[in-house]
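One-letter residues, chain by chain:
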Amino acid sequence: MLEVQNVCKRFGDLQVLKDVNLSVDKGDVVAVLGPSGSGKTTLLRCVNFLETADSGTMVFDGERFDLHAASRMDIARLRRKTAFVFQNYNLFLNKTALQNVTEGLTVARKMPKEQAIDIGRKMLEKVGLSDRAGHYPSQLSGGQQQRVAIARALATDPEIILFDEPTSALDPELIGEVLAVMRQLARDGMTMLVVTHELSFARGVSNKVIFMEDGAVVEAADSKAFFEHPKEERTRAFLRTIDRRVDAQEA
């Protein structure tokens, strides 16, 4: 469904992506893990053309895209099949939850307002927020705002959703409600590429894991093999560090 090949990206003298490759099949939930600064978010942004890669190609639904030189028409066509969930929600503060969900449908896709509202209400119900349709972002918790953002993504009926650290801006007690929605999406068969630091989600929900460091893929494997029998010493060291942090928090 999605294959990314030889992606490179440099910011000044810093090379943040070094010939990165990944593949996502229909129905996959792929977790992208790694320490801060490893290039995870930049990779995700290049895949959706929020950043322009210096080089690399992407094949999506059988169509090849040049990640450095794609036309505006190519990018628009790709984005009609994908959705992006940001770590900081990116909601319109002057619009209600329902209006945030319907805005892209009526403005970008020229959908009749009544149809957009019907879809918007169904998507808010799907993420457990049907009773918050008339609330503004300032009246919602961080977890509720992120669920509105997920409803907005679902409203466009994407073939894949890209999540950029969807819980990193949330207080610890609000993380669970967002992960619960994502778990349900996985059960429903939604294809997802998720940059995350939530190892419980990666271990329990994803079926593939990619571990990155210093702009390169260190290891890629199915989730069970990744967590139970990692091949690379750097991967094992990363998992040991995370496990120690979890133990310290639980102590």
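Below or above, wherever it landed, is the structure these notes cover.

What counts and how
- Residues numbered from 1 in each chain as written.
- Predicted model: local features only at pLDDT ≥ 70, side-chain atom pairs only at ≥ 80, totals over all residues.
- Heavy atoms only, no water.
- Helix = DSSP H or I, 4+ residues; strand = E, 2+ residues; numbered from the N terminus.
- Expected span 1.5 Å × (residues − 1).
- Buried < 20%, exposed > 50% of the residue type's maximum accessible area, 1.4 Å probe, protein only.
- Arc of directions from axis to C-beta.
- Pairing = 2+ DSSP bridges.
- Axes fitted to C-alpha atoms, helices over the stretch in contact; angles between N-to-C directions.
- Contact = heavy atoms within 4.5 Å.
- 1 Å grid on protein atoms, 1.4 Å probe; cavity = no way out; pocket = protein on both sides within 12 Å on 5 of 7 lines; lining within 4 Å.
- Points joined across faces, edges and corners; volume = space filled by probe spheres on them.
- Nonpolar A, V, L, I, M, F, W, Y, C, P; charged D, E, K, R; others polar.
- Salt bridge = Lys/Arg side-chain N within 4 Å of Asp/Glu carboxyl O.
- Phe/Tyr/Trp six-rings, centres within 6.5 Å; stacked < 30°, edge-to-face > 60°.

Before going further, it helps to spend a moment on helix α4 (residues 113–126). Look at α4: 20 Å from first C-alpha to last across 14 residues, which is about the 20 Å you get at 1.5 Å a residue. Buried within α4 we find Ala-116, Gly-120, Met-123 and Leu-124. Summarising the axial view, the buried residues of α4 lie within an arc of 100°, below the 170-degree limit, and thus occupy one face. What points out from α4, more than 90 degrees from its buried face, is the exposed set Glu-114 and Glu-125. Of the residues flanking the end of α4, it is Gly-128, one or two places downstream, whose phi is positive at about 80°.

So, about the pairing of strand β5 (residues 63–66). Taken residue by residue, a regular strand's side chains alternate between the two faces of the sheet. Bridging between strand β4 (residues 55–60) and β5 involves four bridges; their strand directions are antiparallel. By the bridge assignment for β5, Met-58 is matched with Phe-65. In this antiparallel pair of consecutive strands, β4 and β5, the connection spans two residues, and Asp-61 shows a positive phi of 50°.

In this section: the sheet that holds β5. Within the open sheet, the four strands sit side by side as β2-β1-β4-β5. Their pairing is antiparallel. Looking at strand neighbours, the two that pair on one side only are β2 (14–24) and β5, the edges of this open sheet. Strand-to-strand twist across the sheet, computed as the mean angle between neighbouring axes with direction ignored, equals 20°. Running at roughly 65° to β2, helix α1 (residues 40–47) makes contact with β1 (2–11), β2 and β4 of the sheet. Set on the sheet, helix α2 (residues 72–79) makes contact with β4 and β5; between it and β5 the angle comes to about 125°.

Among the structural elements, Thr-156 can be located in the loop between α5 (142–155) and β7 (160–164). Look at Thr-156 and you get buried, because its relative accessible area is 19%. Apart from residues no more than four positions distant in its own chain, Thr-156 is found in contact with Arg-80, Thr-82, Ala-83, Leu-105 and Arg-109.

Per the counting criterion, the structure on display carries one cavity of 30 Å³ or more. Of the volumes computed, that of the largest cavity is approximately 40 Å³. If you go around the largest cavity, the residues you meet are Leu-2, Val-47, Asn-48, Met-58, Phe-60, Leu-78, Thr-82, Ile-160 and Leu-162. Elements with a minimum of two residues in the lining of the largest cavity: β4 and β7. Looking at the lining of the largest cavity, its residues break down into seven nonpolar, two polar and no charged.

Moving on: the pattern of salt bridges. One pass over the structure, following the stated rule, counts 15 salt bridges. Here Asp-131 and Arg-132 are joined by a salt bridge, their closest N and O atoms 2.8 Å apart. Owing to a relative accessible area of 52%, Asp-131 belongs among the exposed residues under this scheme. With a shortest N-O distance of 2.6 Å, Arg-234 and Glu-213 are connected by a salt bridge. Of this pair, Arg-234 sits in helix α9 (residues 233–250) while Glu-213 is found in strand β9 (residues 208–213), placing the two residues 21 residues apart along the sequence. Salt bridges here are not isolated pairs; linked through shared partners, they connect Asp-25, Asp-28 and Lys-208.

Bringing the packing of aromatic side chains into the picture now. The full count for this structure, using the stated rule, is four aromatic pairs. Look at Phe-211 and Phe-238: their rings are 4.7 Å apart centre to centre, the planes differ by 35°, and that puts the pair in the tilted class. Of this pair, Phe-211 sits in strand β9 while Phe-238 sits in helix α9; the two residues are 27 residues apart in sequence, bridging distant segments of the chain. Like Phe-211, the residue Phe-238 is buried in the burial classification. Relative to Phe-227, the ring of Phe-226 lies with its centre 5.1 Å away and its plane at 85°, an arrangement referred to as edge-to-face. Relative accessible area serves as the criterion here: at 0%, Phe-226 is assigned to the buried category.

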